[in-house]
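Structural overview
Given next are the chains, with one letter for each unit.
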Amino acid sequence: MNDETPICSAKGCRTAAVWVLAWNNPKLHTPERRKTWLACDEHREHLTQFLGMRGFLKDVVALAEWERRVAAGEQ
Ligand SMILES: [Zn+2]
């Protein structure tokens, strides 16, 4: 098991993540703050709906694209 392999954030899921869900809770976080959840293909829709229903969801980005943005200083 590689500790550096990002794992899906869904409860009980041990699958490698391929998506990043960026979100913000306006009651807890400043507007520019981004919390992130990771998702595998199977759980992306479930986690997206969970955050979307609460109005927290800001962005859904492929993990590789997210890492490119972080490396570029865009996130
Ligand atoms: Zn999963």
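The notes below deal with the structure included here. This one's a predicted model, so the numbers in the text were calculated from it and none came from an experiment.

A word on the overall build of the chain. Across its full length, the chain carries two helices and three strands. Listed by position from the N terminus, the elements making up the chain come as β-β-α-β-α. A globule of 75 residues ought to have a C-alpha radius of gyration of about 11 Å, and the chain, at 12 Å, matches this closely. Its C-alpha atoms give the chain principal-axis dimensions of about 35 × 30 × 15 Å. A burial count over the chain gives 17% of its 75 residues as buried. Sequence separation of at least 24 residues holds for 57% of the intrachain contacts in the chain that already meet a minimum separation of 6.

Cys8, Ala17, Trp19, Val20, Leu21, Trp23, Trp37, Leu38, Ala39, Leu47 and Trp66 form the largest nonpolar core, which has eleven residues in total. Breaking this core down by element, the ones donating at least two residues are strand S1 (19-23) and strand S2 (35-39). At four residues, S1 tops the list of elements feeding residues into this core. Apart from residues lying up to four places away in sequence, Leu21 is in contact with Thr36, Trp37, Ala39, Leu47, Thr48, Leu51, Leu57 and Val60.

Along the chain, Ile7 turns up in the segment before S1. On a C-alpha basis, the gap between Ile7 and Arg69 in space is 19 Å, while along the polypeptide they are 62 residues apart. Excluding anything up to four places from it in sequence, Ile7 contacts Arg14, Ala16, Ala17 and Leu38.

Turning next to the pairing of S1. The side chains of a regular strand alternate between both faces of the sheet. Counting buried residues along S1, four of its five residues qualify, which places the element largely inside the surrounding structure. The pairing of S1 with S2 spans five bridges and is classified as antiparallel. Paired with Leu21 across the two strands is Trp37, which belongs to S2. Where S1 lies against strand S3 (residues 57-62), five bridges are found, and the strand directions are antiparallel. Bridge pairing in S3 links Trp23 to Leu57.

A separate point is the environment of Cys40. Locating Cys40 in the fold gives a position in the loop between S2 and helix H1 (44-53). C-alpha of Cys40 to C-alpha of Asp59: the two residues are 19 residues apart in sequence and 15 Å apart in space.

Definitions and cut-offs
Residues numbered from 1 in each chain as written. Predicted model: local features only at pLDDT ≥ 70, side-chain atom pairs only at ≥ 80, totals over all residues. Helix = DSSP H or I, 4+ residues; strand = E, 2+ residues; numbered from the N terminus. Rg over C-alpha atoms; globule rule 2.2 N^0.38 Å. Buried ≥ 20, exposed ≤ 12 C-beta atoms within 10 Å, placed from the backbone. Contact = placed C-beta atoms within 7 Å. Core = buried A, V, L, I, M, F, W, Y, C linked by C-beta atoms within 7 Å. Pairing = 2+ DSSP bridges.

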